[in-house]
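# A look at the structure
The chain contents come next:
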Amino acid sequence: MRPLDENETTAVFEKLFKFTGNNLKNIVENPSYEGPDPNAGRYCFRLQKNRVYYVSESMVKRATNIGRAQLVSLGTCIGKFTKGGKFHLTVQSVNLLAANAKHKVWLKPTSEMSFLYGNHVLKGGLGRITENIVAGDGVVVFSMSDVPLGFGIAAKSTQDCRKLDPNGIVVLHQSDIGEYLRMEDEL
């Protein structure tokens, strides 16, 4: 497990910024309360076998006793780098994104299952939407009871959603919590 280099850090922060905006500062400066140390430090990003983990510094110090080949996971896996060098967020990052999300969408109970099966969010299934969303922004998808279901990319702005027909796509699906069941072997 090693720290991210400059290019990797840029790729991770750009992707996180797309979903959190200026709240990215809260993720980076989040104090850690894990471990027996009274001054446990902060959370940091580490790379292990092309996967990026969000882990406290005190846990990283303890993990140095474990060999790289034996270390399977540490902290929360928030994404992975593809063979082409691009960074993709994984479903495990949904709680981190939900706590710091800039743009949010709430689904009606009738369309939650459709989203959890991997389908895009349609205007007819939209319960609420935050203001000032622009097409292409990162959006975190919630149920009406504020349970984070996943995340995606806004296909339309908030203004365009008001004029859209009920079968129009509002959010393009990227990841959802249903992937825990659909992709057990890959996670």
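Just so it is clear, the structure is predicted and the values come from calculations on it, not from any experiment.

With that out of the way, let us pick up the nonpolar core. Ranked by size, the top nonpolar core spans 25 residues in total, and within it Val12, Leu16, Phe45, Val52 and Ile78 carry the most contacts. In terms of residues, this core owes the most to one element, helix H4 (residues 94-99), which gives four residues. Both domains that meet at this core, namely domain 1 (1-93) and domain 2 (102-181), each give it at least three residues. If sequence neighbours within four positions are ignored, Val52 has contacts with Leu4, Val12, Phe45, Arg46, Leu47, Thr76, Cys77, Ile78, Gly79, Phe81 and Phe87. Within the second largest apolar cluster, 15 residues are counted, among which are Leu107, Phe115, Leu116 and Val121.

Glancing now at a nonpolar patch on the surface. Together, Leu122, Ile169 and Leu172 make up an exposed nonpolar region whose accessible area comes to about 200 Å². You can see Ile169 is positioned in strand E11 (residues 169-176). For Ile169, a relative accessible area of 31% translates into the label partly exposed.

Bringing the domain arrangement of the protein into the picture now. When its domains are assigned, the protein resolves into domain 1 (1-93) and domain 2 (102-181). Summarising the inter-unit geometry, the C-alpha centres of domain 1 and domain 2 are found 27 Å apart. The interface of domain 1 with domain 2 comprises nine residues on the first partner and 15 residues on the second. Overall, the association of domain 1 and domain 2 removes approximately 860 Å² of surface from exposure, summing both partners, and the carbon and sulfur fraction of that is 64%. When the buried surface of domain 1 facing domain 2 is broken down by residue, Lys18, Phe19 and Val91 rank first, second and third, together holding 71% of it. There are zero salt bridges connecting domain 1 and domain 2. Scanning the region where domain 1 abuts domain 2 turns up three residue pairs in polar contact (both at pLDDT 80 or more). Top contributing element to the side of domain 1 that touches domain 2 by residue count: helix H1 (residues 6-20), with three residues.

What counts as what
- Residues numbered from 1 in each chain as written.
- Predicted model: local features only at pLDDT ≥ 70, side-chain atom pairs only at ≥ 80, totals over all residues.
- Heavy atoms only, no water.
- Core = buried A, V, L, I, M, F, W, Y, C linked by side-chain atoms within 4.5 Å.
- Buried < 20%, exposed > 50% of the residue type's maximum accessible area, 1.4 Å probe, protein only.
- Helix = DSSP H or I, 4+ residues; strand = E, 2+ residues; numbered from the N terminus.
- Domains from an automatic or database assignment.
- Contact = heavy atoms within 4.5 Å.
- Patch = residues over 30% accessible without salt bridge, like charges linked within 9 Å, V, L, I, M, F, W, Y side chains within 5 Å.
- Areas by Shrake-Rupley, 256 points an atom, 1.4 Å probe, with all protein chains shown as cover.
- Salt bridge = Lys/Arg side-chain N within 4 Å of Asp/Glu carboxyl O.
- Buried area = accessible area lost by both parts, 1.4 Å probe.
- Polar contact = N/O pair within 3.5 Å; in protein donor to acceptor, adjacent residues only side chain to side chain.

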